[in-house]
Amino acid sequence: PPRSNPGKEFRSTRDESLSASLMRSFTLSAITGLCRAYLSTCDVNIEGLETFHTILQQSREPLPSSTTASSTSTAAFQGRPVLTVCNHMSTIDDPIILSRLAPVSAYTNHPERHRWGGCSEEICFKHPLLASFMGSGKVLPIWRGGGLKQEMFEELAAHVVPGAWVHLFPEGCIGQRHLNRSDVPERRRTYMRWGVGKMIAKAKVRPVIVPFYHDGMEQALPLHAETGATVRFIPKTGVTINVVFGTPIEVEDLMEAFVKAHGREELDLPWNHDDSDHVLKLYSKIALRVQEKMQELDHRPEWDVIYPVEGEGDAYLK
């Protein structure tokens, strides 16, 4: 679809000045406080949070020279970016869910330790004041439908650097029925957006890919089953919210096989370069690996396992 504001100049949000840091700390503290106040009215259950915090902490430590990046030991988390991926249940999964997962220091004394995230441009960046607020909360615009080469997604990918935390919703839209599925037929998708594969494949240092699955936000902010419209604008209190972390997702086998067959040169080309078919296939394989690992975290009895089929993601590339 065409952009809602094609004449608007995209502005980078990599400002690390003192004033930017103070504004981020204030914004993150205020929003996180509101989100945690809401969550105090709910029954929140989280599995694996301590392990996730250990990964975040160790990611900020230098990588020992004797440690291999492909190892799953805790030492392998050092000196690497952290990329979290999860299903998308409502328009406010981030910040509500992410506010509960972030360590306290990430939104008080050390805003640089909080996640970088993305939000669709037409929703979160409609007005300059809203855009400034989102930027202060470490959220960057994504042009939904802008494809793999868009500058906005490159900006978010630029934060996948050692010691940083980036969060992504690889489904690309809300699916309240199942992972990658929606009660609204037009919104159903059986494959992950390949952007998550590109972000991982082109990272200079392989990120620690941490999946988690959550449910309950579809009860807090349900969407109309036929139109997909928001049923309520204030989240319902008293709901049960479950979050389950999985083990880090390994993609070294996919990367090693690609480099052995094609070399690394194409992955080091500029972000907006036209990707070859075998590079796109690598992106799709990584996205499928992410989807499979996320599906394993959903243990609801009504879950239908749905896997991508050959060519099903082609429309996204056009």
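Participant: Any details on the pattern of salt bridges? Residues and values, ideally.
Facilitator: Enumeration according to the criterion identifies 8 salt bridges in this entry. Across the pair Arg144 and Glu122 runs a salt bridge whose closest N-O atoms are separated by 3.9 Å. Of this pair, Arg144 sits in the loop between strand S4 (139–142) and helix H6 (151–157) while Glu122 sits in helix H4 (residues 121–124); the two residues are 22 residues apart in sequence, bridging distant segments of the chain. Take Glu122: its relative accessible area is 30%, and that puts it in the partly exposed class.

Participant: How would you sum up the packing of aromatic side chains? Please name residues and give values.
Facilitator: As enumerated under the stated definition, the model contains 4 aromatic pairs in all. An angle of 50 degrees between the planes, with centres 5.7 Å apart, marks the rings of Phe153 and Trp271 as tilted. Here Phe153, found in helix H6, pairs with Trp271, found in the loop between helix H9 (252–262) and helix H10 (277–295); they are 118 residues apart in sequence, far enough to count as distant. The class for Phe153 is buried, based on a relative accessible area of 9%. Looking at Trp271, the relative accessible area reads 8%, which means it is buried. Between the aromatic rings of Phe212 and Phe245, the centroid separation amounts to 5.2 Å while the plane-to-plane angle is 50 degrees, which identifies the pairing as tilted.

Participant: Could you give me a rundown of the sheet that holds strand S1 (residues 43–47), with the residues and numbers involved?
Facilitator: Strand pairing in a sheet relies on backbone hydrogen bonds, with the paired strands running either antiparallel or parallel. Spatial ordering of the open sheet is given by S1-S7-S6-S2-S5, a layout of 5 strands whose pairing is mixed. Of all the strands in the sheet, the pair left with one neighbour each is S1 and strand S5 (165–168). Between one strand axis and the next, the sheet turns by 20 degrees as a mean value, whatever way the strands run. Pairing analysis gives 5 bridges linking strand S2 (residues 82–86) to strand S6 (residues 208–215), with the strands arranged parallel. Directly across from Cys86, in S6, lies its bridge partner Phe212. In the packing of helix H3 (residues 93–101) onto the sheet, contacts are made with S1, S5, S6 and strand S7 (240–245), and the angle to S6 comes to roughly 115 degrees.

Criteria and cut-off values
- Residues numbered from 1 in each chain as written.
- Predicted model: local features only at pLDDT ≥ 70, side-chain atom pairs only at ≥ 80, totals over all residues.
- Heavy atoms only, no water.
- Salt bridge = Lys/Arg side-chain N within 4 Å of Asp/Glu carboxyl O.
- Helix = DSSP H or I, 4+ residues; strand = E, 2+ residues; numbered from the N terminus.
- Buried < 20%, exposed > 50% of the residue type's maximum accessible area, 1.4 Å probe, protein only.
- Phe/Tyr/Trp six-rings, centres within 6.5 Å; stacked < 30°, edge-to-face > 60°.
- Pairing = 2+ DSSP bridges.
- Axes fitted to C-alpha atoms, helices over the stretch in contact; angles between N-to-C directions.
- Contact = heavy atoms within 4.5 Å.

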